[in-house]
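These are the residues of each chain, in order.
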Amino acid sequence: EALKNEDLFKMNLDFEMFFTRNIYRRIRDCWNRPIASAPGAYTDLVDRVSDDCNWTFRYTGTKTNCLNLGSYNYLGFAENTGPCADAAYQSTLDYGAGTCSPARELGTLDVHKKLEALVARFVGKPAALVFGMGFATNSMNIPALMGKGCLIVSNELNHASIVTGAKLSGATVKVFKHNSVKSLEAILRRAVTDGQPRTHRPWRKILILVEGVYSMEGSLAPLPEIVQLKKKYKAYVYLDEAHSIGAMGPTGRGVCEYWGVDPADIDIMMGTFTKSFGAAGGYIAANQDVINYLRGASHSTTYAASVPAPVAQQIITSMTIIMGDDGTKEGEKRVAQLLDNSRYFRQRLTEMNFIVYGNEDSPVVPILLYEPGKVTSFSRELLKKKIAVVVVGFPATSIVEARARICLSASHTRDMLDYALKEINEVGDLLLLKK
Ligand code: PMP
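In this text the structure is predicted, and so the values were computed from the model without any measurement.

Asker: What exactly am I supposed to notice about the overall build of the chain here?
Answerer: Counting its secondary structure elements, the chain contains 14 helices and 13 strands. Over its C-alpha atoms the chain spans a radius of gyration of 23 Å, differing by no more than 12% from the 22 Å that the globule rule assigns to 435 residues. Split into buried and exposed, the 435 residues of the chain put 43% on the buried side.

Asker: How should I be thinking about the sheet that holds strand S10 (residues 364–370) in this particular structure?
Answerer: Strand pairing within a sheet occurs via backbone hydrogen bonds; the two strands may be parallel or antiparallel. Spatial strand order, S10-S13-S12: 3 strands in an open sheet with antiparallel pairing. Looking at the sheet topology across the chains shown, the edges are occupied by S10 and strand S12 (390–392). Across the sheet, the axes of successive neighbouring strands diverge by a mean angle of 25°, strand direction being ignored.

Asker: Explain the site of the ligand to me, please; I cannot follow it from the model alone.
Answerer: Around the ligand sit 14 residues, and of these Gly134, His159, Ala242, Thr272 and Thr274 come closest. The biggest single contributor to the shell around the ligand is helix H4 (residues 134–145), with 3 residues.

Asker: What am I meant to see in unusual backbone geometry here?
Answerer: With the exception of glycine, most residues fall at negative phi, and the peptide bonds are largely trans. Unusually for a residue other than glycine, Lys234 sits at a positive phi of about 50°. Within the element layout of this structure, Lys234 appears in the loop between helix H7 (223–232) and strand S7 (236–240). Its identity as a non-glycine residue notwithstanding, Tyr370 has a phi of 60°, on the positive side. The residue Tyr370 is located in strand S10 in this model.

Asker: Even after reading the chapter, I still don't get the domain arrangement of the chain, so can you show me in this structure?
Answerer: Many authors give the size of an interface as the accessible area that is lost as the parts come together. Domains assigned within the chain are domain 1 (5–78 + 330–430) and domain 2 (83–323). On a C-alpha basis, the centroid separation for the pair domain 1 and domain 2 is 27 Å. Between domain 1 and domain 2, the contact holds 23 residues from the first and 23 residues from the second. Elements with a contribution of two residues or more to the side of domain 1 that touches domain 2: helix H12 (330–351) and S10. The dominant element in the side of domain 1 that touches domain 2, judged by the number of residues it contributes, is H12, at 4 residues.

Asker: Would you explain the pairing of strand S9 (residues 282–286) in this entry?
Answerer: If a strand is regular, its side chains alternate between the two faces of the sheet. The buried fraction of S9 is high, at 5 of 5 residues. Alternating positions in S9 separate into two faces, Gly282, Ile284 and Ala286 on one and Tyr283 and Ala285 on the other, with burial throughout. Relative to S9, strand S3 (residues 127–131) runs antiparallel, the two being bridged by 5 bridges. The residue of S9 that forms the bridge with Val130 is Tyr283. With 4 bridges connecting them, strand S8 (residues 268–272) and S9 associate as antiparallel partners. If you follow Met269 over to S9, its bridge partner there is Ala285.

Asker: Would you mind showing me how to read helix H3 (residues 110–123) here?
Answerer: It helps to recall that an α-helix has 3.6 residues per turn; residues three or four apart then point in one direction. Compared with the 20 Å implied by 1.5 Å per residue over 14 residues, the 20 Å span of H3 between its first and last C-alpha is a close match. Among the residues of H3, Val111, His112, Leu115, Glu116, Leu118, Val119, Ala120, Phe122 and Val123 are the ones counted as buried. Turning to H3, the residues buried within the fold contact S3, S8, S9 and helix H11 (309–323). After H3 finishes, the residue Gly124 shows a positive phi value of roughly 80°.

Asker: What should I look at first to understand the environment of Val364 in this one?
Answerer: Along the polypeptide, Val364 turns up in strand S10. Exposure remark for Val364: the 26 C-beta atoms within 10 Å place this residue in the buried category. When neighbours within four sequence positions are excluded, Val364 is seen to be in contact with Val213, Ser215, Gly218, His243, Gly358, Arg405 and Cys407.

Asker: What exactly am I supposed to notice about the pairing of S7 here?
Answerer: In terms of burial, S7 is largely enclosed, as 4 of its 5 residues are buried. Bridge analysis of strand S6 (residues 206–211) against S7 gives 5 bridges, and the strand direction is parallel. Residue pairing in the sheet places Glu211 in a bridge with Asp240 of S7. With H7 bridging S6 and the parallel S7, this β-α-β connection has right-handed handedness. In this sheet, S8 lies alongside S7 in parallel orientation, the contact comprising 3 bridges. Paired with Leu239 across the bridge in S8 is Met269.

Asker: Would you explain the sheet that holds S7 in this entry?
Answerer: Overall, mixed pairing links the 7 strands, which are arranged S3-S9-S8-S7-S6-S4-S5 in an open sheet. Each edge of the open sheet carries a strand with a single partner, namely S3 and strand S5 (172–176). Direction aside, neighbouring strands of the sheet carry axes that sit 20° apart on average. Sitting on the sheet, H3 is in contact with S3, S8 and S9, with an inclination near 125° to S3.

Definitions and limits used
Residues numbered from 1 in each chain as written. Predicted model: local features only at pLDDT ≥ 70, side-chain atom pairs only at ≥ 80, totals over all residues. Helix = DSSP H or I, 4+ residues; strand = E, 2+ residues; numbered from the N terminus. Rg over C-alpha atoms; globule rule 2.2 N^0.38 Å. Buried ≥ 20, exposed ≤ 12 C-beta atoms within 10 Å, placed from the backbone. Pairing = 2+ DSSP bridges. Axes fitted to C-alpha atoms, helices over the stretch in contact; angles between N-to-C directions. Near = placed C-beta within 6 Å. Domains from an automatic or database assignment. Contact = placed C-beta atoms within 7 Å. Expected span 1.5 Å × (residues − 1). Right-handed = clockwise from strand over helix to strand, strands pointing away.

Below, the structure written as structure tokens:
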């Protein structure tokens, strides 16, 4: 209590220095590692040596080609060959690499209009709007939809972009336990009944914020139950499909298709293009009134540049393939391959006695490492075998739930997966990770 602001500031700096000099220096080979190729099934990791404590690195000029189990390249469209790359290349020649303007000024291109119509058709909503960045799609649109006097009910493990949007909105935010329908209902019931006369509705709007597939858990939102509650308590649902659009459901249309939920029952469908489409940016799909309103009210259409044309073209081409509108079965094949890979990989890990989180059909497969110290060892041992994985620990997870987060891809072959499984099995024995 006796500490002044300056003392706290100083302590914080001291901690930063301590962390950078003593801890991060020893483990930083596991993060912030540049790659020098497309984030495909294989990718080139740039070799480097660290030579000071200021987050700068000396690069050796050599690279290591690694099997990539870390990028969100669910359907294999991040590869730099094929129809998507060709279309993006042609689009760069036609439009250049940037739009140099927000959508509301000179930044709306004819390809954006085409893309918005395609997104709306793909996800099954009347209209859609696209934005230059997935993070900003949440953090800038939630505040446009909600404000003072509104209630947001948010899953405790929602992504930072959703949490930021909720905070910025000025609405009251209540958090429910991860995927607990009971916890969600308890909050909704209290919100509309506690101390209120029967006829009075205390909140201007109530919005339930959930994700389709949770990116650190591999778990799925229990959408049918959430829709029932939304109807019972007259709330709205905002669904972030960053990790599920393209990757879940028999035709890749996301968790609504997976659960058999009518898209009409989800008020706001949000998603990003950085995963299944191998591109960048985000979308909101909703009814025409909401889209018209957001086109004017969202900060991301007014104060941020729109999606570059080659990126939009990459999305249009990959989405067209997923929908089968290119006249081939390629999209269907990729969606089926991803599911097959996800089930196979998860099942084999379970048979090896690893503890694996998440839904059996999810392409996100978190392998539990428990102890923070094993996070770096797991990453390093696999890098020795030329396998790149993403490892995460506190504060992104609880202190005892450090994990490796594997993302599967349709472009992984069975041979690649078997190689990875063999090596992970050995590292699991070495680090005593199994049940
Ligand atoms: N929502 C979720 C659920 C995410 O996981 C992410 C990022 N992985 C985002 C939004 C932000 O998307 P982007 O990386 O495309 O900006």
